[in-house]
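Structural overview
Chain residues, written in single-letter form:
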Amino acid sequence: MADSETQTEEREDTAYDLDSGMVSDVLAAVAEGDAARVTGLLDPLHPADIADILEQIGEVERRALIDLWSGEIDGEILSELEETVREEVIDYLPAHVLAEAVRELDSDDVVDLLEDLEAPQQEMILDALEDADRAAIEQSLTYPEYSAGRLMQREVVTTPEHWTVGETIDFLRTRDALPDEFYHVILVDPRHRPTGYVTLGKLLATKRSTKLVDIAEDSFRTIGVLEEEGDVAYAFNQYHLISAPVIDDDERLVGVITIDDAMAVLDEEHEEDILRLAGVGDESLSDRVFETAKLRFVWLFVNLLTAIFASIVIGMFSDTIETFVALAVLMPIVASMGGNAGTQSMTVAVRSIATRDLTVRNSWRVIRREIAVGAINGFGFGLIMAVVAGVWFGIPMLSVVIAIAMVLTLIAAALGGIVIPIVLDRFGVDPALASGPFVTTVTDVVGFFAFLGLAASMLL
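Residues numbered from 1 in each chain as written. Predicted model: local features only at pLDDT ≥ 70, side-chain atom pairs only at ≥ 80, totals over all residues. Heavy atoms only, no water.

Glancing now at the overall build of the protein. The helix and strand inventory of the protein stands at 22 helices and six strands. Computed over C-alpha atoms, the radius of gyration of the protein comes to 29 Å, more than 25% over the 23 Å expected from 2.2 N^0.38 for 460 residues, which places it beyond the range of a compact globule. By principal-axis analysis of the C-alpha atoms, the protein measures approximately 90 × 60 × 55 Å. Counting all 460 residues of the protein, 43% fall into the buried class. (Helix = DSSP H or I, 4+ residues; strand = E, 2+ residues; numbered from the N terminus. Rg over C-alpha atoms; globule rule 2.2 N^0.38 Å. Buried < 20%, exposed > 50% of the residue type's maximum accessible area, 1.4 Å probe, protein only.)

In structure tokens form, the structure reads like this:
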């Protein structure tokens, strides 16, 4: 029974993974220069899976694959690629293939493609667009990075607010082109200002004579073109939106944001928070060695400075450590427990700030909660370490010292882990990026100072 459950879980974990033999088969076909076989292997795959293959193989093999299969690479594949690989692939593609690939994309995907590219590559893609599409894309690029104007797509389905269901359905059937994916028909007034929207499901399930305003959704909200995309994603998540019209300063409709783009922003922000908490930054597996080393160097250097500061504190008590060698054995335990407790509080704080659950209004309550948690854990682990130290070294006062130090360290770690992200956020500094070194410094300095200071006063 247990074996069958394990096998089921394994199948579920790998249900959507790329077939492990697929990459090997593609590489073998590329090595043989067999374009027909490459096409046969890649054609049935989803664009996301093809993008995965391009990202998993080396630069030389990727170039050879594109030479054999370049005519089949479309806009969806390009939009799925990581930024570094995407730039490389665009450089390899023939101009006519790139032009055809870009024409297939919605405007928001083209903007997403362009904003990470260098100027020559941007110009190459813009030249491939029709004049009207190029003007719309260039307009979107004038909006600030990470704004709703960059996130929205220009392809919008609108109808006058006084129309009926029947008029709307007839209109949709006669339109030459509709967006590949849309969820609402947006109602606009004579000045092209959005006044509501109707879902496609309700449109198709309602009698033709019904006016659109009578079946408009209560969830209707508009988004300013300059709103930050993080705020947009929060609104989608908070109010369970499927799509939302974007308006300019005159409240006129300029585009629409759909849930897939909003959720992509949330995923990116979560990923950034995780990477920044580790001091990694915007990094991917496809980055070159020197670029990766440069991204990691800054925060490693900051950690080095904080470690030196903690070492200075230890140096202040060198005589005490020489007298009681047991202190050197127990110091790493105090520091490790403080560091882990601080990281726990910091992670909860950074996540709560990102989701806006931690605010000025409830910050004091959360701080008191974390102090209480730190105190309870401190007493518990202090008691455990008192017993361990007493049995290990046979010095009763050493047990008292490490017990008190453990309590003080875990309280300081919990307090620093919650307060430091709050303070950084209040001063406009990303807490996910900057909290780690500060919390580490607080826990190390307080832990060493409390442990060694107590030892110096109680044991000597």
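Applying the stated criterion to the full structure yields four aromatic pairs. Their ring planes at 85° and their centres at 5.2 Å tell us that tyrosine 197 and phenylalanine 220 sit as a pair that is edge-to-face. A residue pair is termed long-range when its members are at least 10 positions apart, and tyrosine 197 in strand β3 (residues 194-199) and phenylalanine 220 in the loop between α14 (200-205) and β4 (223-224) qualify at 23 residues. Taking 5.7 Å as the distance between ring centres and 75° as the angle between the ring planes, the aromatic pair formed by phenylalanine 317 and phenylalanine 449 counts as edge-to-face. (Phe/Tyr/Trp six-rings, centres within 6.5 Å; stacked < 30°, edge-to-face > 60°.)

This structure, assessed with the given rule, holds 14 salt bridges. Two residues, glutamate 115 and arginine 150, come together in a salt bridge whose shortest N-O distance is 2.8 Å. Of this pair, glutamate 115 sits in the loop between α9 (107-114) and α10 (119-127) while arginine 150 is found in helix α12 (residues 148-151), placing the two residues 35 residues apart along the sequence. Taking relative accessible area as the criterion, glutamate 115 reaches 26% and is therefore assigned partly exposed. Between arginine 356 and aspartate 231 there is a salt bridge; the shortest N-O distance is 2.2 Å. In this pair, arginine 356 sits in the loop between α19 (326-354) and α20 (363-393) while aspartate 231 sits in helix α15 (residues 229-239), placing the two residues 125 residues apart along the sequence. Arginine 356 sits in the partly exposed class, given a relative accessible area of 36%. Residue aspartate 231 is classed as partly exposed on the basis of its relative accessible area of 29%. Several salt bridges converge on common partners, so that one network encompasses Glu123, Asp127, Arg134 and Glu138. (Salt bridge = Lys/Arg side-chain N within 4 Å of Asp/Glu carboxyl O.)

The grouping of Glu76, Glu80, Glu104, Asp180, Glu181 and Asp260 at the surface amounts to a negative patch. Within the element layout of this structure, aspartate 260 appears in helix α16 (residues 259-277). Overall, aspartate 260 belongs to the partly exposed group, its relative accessible area being 41%. (Patch = residues over 30% accessible without salt bridge, like charges linked within 9 Å, V, L, I, M, F, W, Y side chains within 5 Å. Areas by Shrake-Rupley, 256 points an atom, 1.4 Å probe, with all protein chains shown as cover. Lys, Arg positive; Asp, Glu negative; His and termini not counted. Charge placed at Lys NZ, Arg CZ, Asp CG, Glu CD.)

Within the sequence span of helix α3 (residues 35-42), burial applies to Val38, Leu41 and Leu42. Each buried residue of α3 sits inside an arc of 85° when the element is viewed along its axis, so together they form one side. (Arc of directions from axis to C-beta.)

Of the residues making up helix α5 (residues 59-69), those classed as buried are Arg62, Leu65, Ile66 and Trp69. Buried residues of α5 fall within an arc of 100° about the axis and therefore sit on the same side. Facing away from the buried surface of α5 by more than 90 degrees, the exposed residues are Val60 and Asp67.

A word on the sheet that holds β3. In spatial order, the strands read β1-β2-β3; together these three strands make up an open sheet with mixed pairing. Strands at the two margins of the open sheet, each flanked by one partner only, are β1 (158-160) and β3. Strand after strand, the sheet turns through a mean of 35° between neighbouring axes, direction not considered. As judged from the three bridges shared by β1 and strand β2 (residues 184-188), these two strands associate in the parallel manner. Opposite threonine 159, over in β2, you have leucine 187 as the bridge partner. (Pairing = 2+ DSSP bridges. Axes fitted to C-alpha atoms, helices over the stretch in contact; angles between N-to-C directions.)

Let us now look at the nonpolar core. If you look at the biggest cluster of nonpolar residues, it comprises 41 residues, and the most contacted ones within it are Leu65 and Leu78. For leucine 78, the contacting residues outside a window of four places in its chain are Ile73, Arg86, Val89, Ile90, Leu93, Leu98, Ala101 and Leu113. Among the nonpolar cores identified, the runner-up in size contains 28 residues, and Ala310, Leu327, Leu452 and Leu459 belong to it. (Core = buried A, V, L, I, M, F, W, Y, C linked by side-chain atoms within 4.5 Å. Contact = heavy atoms within 4.5 Å.)

Another point: the sheet that holds β4. Taking strand neighbours across the sheet as the criterion, the three strands line up as β4-β5-β6 in an open arrangement whose pairing is mixed. What marks the edges here is a single partner per strand, and that holds for β4 and β6 (253-258). With two bridges connecting them, β4 and strand β5 (residues 243-247) associate as parallel partners. Counterpart to isoleucine 223 in the pairing with β5 is valine 246. The strands touched by α15 are β4, β5 and β6; relative to β6, the strand with the most contacts, the crossing angle is about 60°.

Another point: the side chain of serine 352. Relative to the helices and strands, serine 352 is located in helix α19. Assessed through its relative accessible area of 19%, serine 352 is described here as buried.

What follows concerns the packing of α20 against helix α21 (residues 396-426). Contact geometry of α20 with α21 gives a least axis separation of 7 Å together with a crossing angle of 155°. Taken together, the axes of α20 and α21 lie roughly antiparallel to each other. The two elements α20 and α21 cross, and the hand of that crossing is right-handed. Of the residues assigned to the contact of α20 with α21, the class counts are 22 nonpolar, seven polar and one charged. (Parallel < 35°, antiparallel > 145°, perpendicular 65-115°, else oblique. Left-handed = near helix turned anticlockwise from the far one by under 90°. Nonpolar A, V, L, I, M, F, W, Y, C, P; charged D, E, K, R; others polar.)

Moving on: unusual backbone geometry. The residue tyrosine 146 is not glycine, and still its phi comes out positive at about 65°. Phi at histidine 240 takes a positive value of approximately 55°, unusual for a residue other than glycine. If you trace the backbone, histidine 240 turns up in the loop between α15 and β5.

As a further point, take the confidence of the model for the protein. Confidence in the prediction of the protein, expressed as mean pLDDT, is 85, and 93% of residues score 70 or more. Low pLDDT, under 50, characterises residues 6-13; the stretch is placed with zero contacts to residues that sit more than four places away or in other chains. (pLDDT = per-residue confidence, 0-100.)

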